[in-house]
Structures are given as structure tokens and as C-alpha cells.
Amino acid sequence: MLVLGINGSPRKKSNSGFLLDAFLAEAGKLGAEVALIDVPRRDIRPCMEYTVCEKRGTCPIDDDMAAEGYTLLRRADVVVVATPVFFYNMSAQLKALVDRCQALWARKYMLKLRDPSRRYRRGYLLSVGATHGKNLFDAIELSIRYFFDAVSAGYAGALTYRGIEKVGDMQRHAGVQDDIQRAVGKVVGPLAGRRKVLFVSRADACRSQMAAAFARDLAGEQLDVESAGWQPAEAVRDTMVAVMQEKGVDMGFRRPRALEKAFGGRPADRMVILGRNPEAVASSAAETVCWDIGADPAAPAEVVARMRDDIAARVQELVDRAK
């Protein structure tokens, strides 16, 4: 399970940053892997309205959003956004990241692709403002709701604080740690107890990626699903992305992962090895099975499509047995 924090505050040691750090720390105590996009200190450029995303579902701007941001948003089970109030809305730095997610919006609403994690991914807002205005957070909450919809995350709520301006105000705020614990328990807690299922292939570029996507799509609320490879490739196979798209499943921005990074090194409850060389994998999972599904990196689309359908049927059977 990945909890992704997105920090929108340009100020170091900021109050909203303190909230985000505390949230991620509590999520880590529940066993979550945590990652942070510190937006003001990353190369994330504003949208230039090239409209490529509306046709292809990708953005041509080559920066940290392309290098990592989209992939983290796709991997995340929980997305937590933290920002101070700037003129009754989020910071300009954070707004740049939000606008760049038009690519994900286009994949969802224009290309009609479904993110396998859409049913269980959650989004949460942390924000602080210096004044006490009644409508202080209205614009931020509305914008963030649309952002979460674009990244296929259900809006799970917000922690917002008025009258917060000086460095250290949040640390001195009575009850803030209790607020954070309750928020993490509400958002992360229900996902923390899921059984871990790891799909493994040599390169994690095709078979294991498809299997993990089908498992997330079918039972992501009950299963914490990862894929990995013992010799991970540089990128997933274009043919795999194309044949999954035929079924409406969005595999854009997915990347192979090394086996030792899956679940942060913690063992899976079940490991499924897709291939003919299971001896290449040392499994510490409670249960290990092997699906004899061959792979040819040069296989034509029709062969990969048949492999896709075979994997889909096997994942359905696995999920049915797990219920």
C-alpha cells in the first residue's frame, strides 16, 4: 500500500508541511509505504495547453511530472494533498501539478479508460489559512475534489485550520496529533489490513502487470496488490498497454519494479509467479503458486491478447477463492 503525500507549500518548515509529515508518519506506523512529492522543490512546470493530452492521454512536457509524478499517482492507494491558503485557493506551485493532471482526466473521460485502482483509492486534503473567514477553504476544497476525481481518488475528507500563520503554529495547536491519528485511521486504516498479493515475472513488463491490474480492478478493496520482477525492465511493453486498452483498462504510466522493493521488503501473503522458472525467485510468502504462462518479448498483439485473457480468467478464480 502506497500513501502519496503532495506538499504544495513553498515555505520550508511550513505548517501545512508539518501536517503532511505527521500524516505520513502515522500511515507508516500502519505499515504503509510512503512517498512525497515536494512540489516547490521539484521541476514541475505549468500546463502549456498543447492539447496533446486530449488526443493521446499524455503530456509532452519533459519534467519531474513526466519522470515520476504520474507514475506515483497511478501507484498510490491514498493521495494526501497539503497546501496553505493563497488568495482563497491553493499555492501556485501545487496548482501547476493539478493542472498537469489534465492528462489523467483525458484518459478517464475522453479516452474512456478505467484506472484499476479507482474503486478504492482515496484522496485527503490538509490545509491551513491565516484568517478566520467563513469561506476560507471553499475554493481549495472544490478544486481538490475535481483533482481527486481526475486521478480516480474518492474524496475522503479534509483537516483545515484557521488562524495559522507563524512558523510552528501547527506544532503548538492543541489536539493536532489526535486529529491526524483519527484522519489516518479513517482513510488509511481500512486499507491496512488487506491481504498482500504479489504477482512476479522476470521483467515485470507484461504478464505480472496485467495480473496485478485485473486483481486491483476486481478486488482492490480486499487485496493489497503489487507486481514485480527479478530482472525488471526499463519500461512496460507497449503491446501490453495496447491489449489492456482493448478491455478499457488503463495501464498508462506504469513502470516495472524490482522484487526487493515490493511491499517495502515485507513478505506477501500470496506470491504468484508467472513463468517457467520459479526457482529464480526466493519466496518468503505464506503461499506461493506458479502459473505456467510463457512470454516472448516479440510476440504479436494477438498472442499477448490471448495471454491477457488467460491471466484474467486465472485472476478471477484466485479472487473468487480469496473471498
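The following refers to the structure shown. Predicted model only: the values in this text are computed from it and were never measured.

### Some words on the environment of Ile6
Mapped onto the elements, Ile6 comes out in strand β1 (residues 2–7). Along the chain, Ile6 and Val303 lie 297 residues apart, while their C-alpha atoms are 40 Å from each other. Contact partners of Ile6, with chain neighbours within four places excluded, come to Leu20, Ile37, Val39, Leu73, Val79, Val80, Val81, Ala82, Leu94, Leu97 and Phe147.

### Here we look at the sheet that holds strand β3 (residues 78–84)
The strand order β2-β1-β3-β4-β5 describes an open sheet built from 5 strands, whose pairing is parallel. A strand with exactly one partner marks an edge of an open sheet, and here the two such strands are β2 (33–38) and β5 (154–161). Taking the axes of each pair of neighbouring strands and ignoring which way they run, one obtains an average angle of 15° across the sheet. Where β1 lies against β2, 6 bridges are found, and the strand directions are parallel. Bridge pairing in β2 places Asn7 opposite Asp38. Strands β1, β2, β3, β4 (122–128) and β5 of the sheet are contacted by helix α1 (residues 15–29), whose axis makes an angle of about 175° with β1. Sheet strands touched by helix α4 (residues 92–100): β1, β2 and β3. Its angle to β3, the strand with the most contacts, is close to 145°.

### Description of helix α10 (residues 238–246)
Inspection of α10 places Met240, Val241, Val243 and Met244 among the buried residues, and these make up the whole buried set. Of the surrounding secondary structure, the elements contacted by the buried residues of α10 are α9 (207–219) and α11 (301–322). Backbone geometry just after α10 places Gly248 at a positive phi near 80°.

### Thoughts on the packing of α10 against α11
Each packed pair of helices is defined by two parameters, the angle between the axes and the distance between the axes. Axis separation between α10 and α11 bottoms out at 9 Å; the angle between their running directions is 60°. In terms of orientation, α10 and α11 fall into the oblique class. The handedness of the crossing between α10 and α11 is right-handed. Two secondary-structure elements touch here, α10 through Thr239, Met240, Val243, Met244 and Glu246 and α11 through Ala301, Val304, Ala305 and Arg308. Taken together, the residues of the contact of α10 with α11 break down into 6 nonpolar, 1 polar and 2 charged.

About the thresholds
What you see as residue numbers is a count from 1 along each chain, following the sequence as written. Residue-level local features of this predicted model are given only where pLDDT is at least 70; pairs of side-chain atoms are given and counted only at 80 or more, and the full residue set underlies all totals for whole chains, interfaces and linings. With hydrogens and water set aside, each side-chain value is computed from the structure's full complement of heavy atoms. Strands here mean DSSP runs of E at least two residues long; helices mean DSSP runs of H or I at least four residues long; both are numbered from the N terminus. Every residue pair with non-hydrogen atoms within 4.5 Å of one another is taken to be in contact. The pairing criterion for strands is at least two bridges between them, as found by DSSP. Note on method: axes are straight lines fitted to C-alpha atoms, helices fitted across the in-contact stretch only, with angles between N-to-C directions ranging 0 to 180 degrees. Per-residue accessibility, obtained with a 1.4 Å probe over protein chains only, is compared with the maximum for each type, and a residue is labelled buried under 20%, exposed over 50%, and partly exposed between these values. For this classification, under 35 degrees means roughly parallel, over 145 means roughly antiparallel, 65 to 115 means roughly perpendicular, and everything else is oblique. Crossings are assigned a handedness: left-handed for a near helix turned anticlockwise from the far helix by less than a right angle, right-handed for a clockwise turn. When residues are sorted by character, Ala, Val, Leu, Ile, Met, Phe, Trp, Tyr, Cys and Pro go into the nonpolar class, Asp, Glu, Lys and Arg into the charged class, and all the rest, Gly among them, into the polar class.

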